[in-house]
Amino acid sequence: MDTAVRVVTALGGILSIVGLGWVLTGAFGYFSGRKNGNPAMIKE
């Protein structure tokens, strides 16, 4: 049971890091599109 808890905790940590990367990438594209006046980048 202890091993299962560790595996689930590790997967949760990995998924949260990947999710945070997606959020930062999307925010970077959004603000870059706003700065350049490019509506196609804002919708990414």
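Use the structure listed above.
The notes below deal with the structure included here. (Residues numbered from 1 in each chain as written. Predicted model: local features only at pLDDT ≥ 70, side-chain atom pairs only at ≥ 80, totals over all residues. Heavy atoms only, no water.)

**Notes on the overall build of the protein**
Scanning the protein from N- to C-terminus turns up two helices and zero strands. By the burial criterion, 7% of the 44 residues in the protein qualify as buried. Accessible surface, the protein: about 3900 Å² in total, of which carbon and sulfur atoms supply 72%. (Helix = DSSP H or I, 4+ residues; strand = E, 2+ residues; numbered from the N terminus. Buried < 20%, exposed > 50% of the residue type's maximum accessible area, 1.4 Å probe, protein only. Areas by Shrake-Rupley, 256 points an atom, 1.4 Å probe, with all protein chains shown as cover.)

**Some points on the pattern of salt bridges**
Evaluation of the coordinates by the stated rule reveals one salt bridge. Asp2 is the salt-bridge partner of Arg6, the closest N and O atoms lying 3.5 Å from each other. Remark: Asp2 and Arg6 occur in helix H1 (residues 2-36); sequence separation between them is four residues, near one turn of the helix. (Salt bridge = Lys/Arg side-chain N within 4 Å of Asp/Glu carboxyl O.)

**What to know about a nonpolar patch on the surface**
Together, Ile14, Val18 and Trp22 make up an exposed nonpolar region whose accessible area comes to about 370 Å². If you trace the backbone, Ile14 turns up in helix H1. (Patch = residues over 30% accessible without salt bridge, like charges linked within 9 Å, V, L, I, M, F, W, Y side chains within 5 Å.)

**Some details on H1**
Given a rise of 1.5 Å per residue, 35 residues ought to cover 51 Å, and the 51 Å separating the end C-alpha atoms of H1 matches this to within 8%. Within H1, burial applies to Gly29, Ser32 and Gly33. (Expected span 1.5 Å × (residues − 1).)

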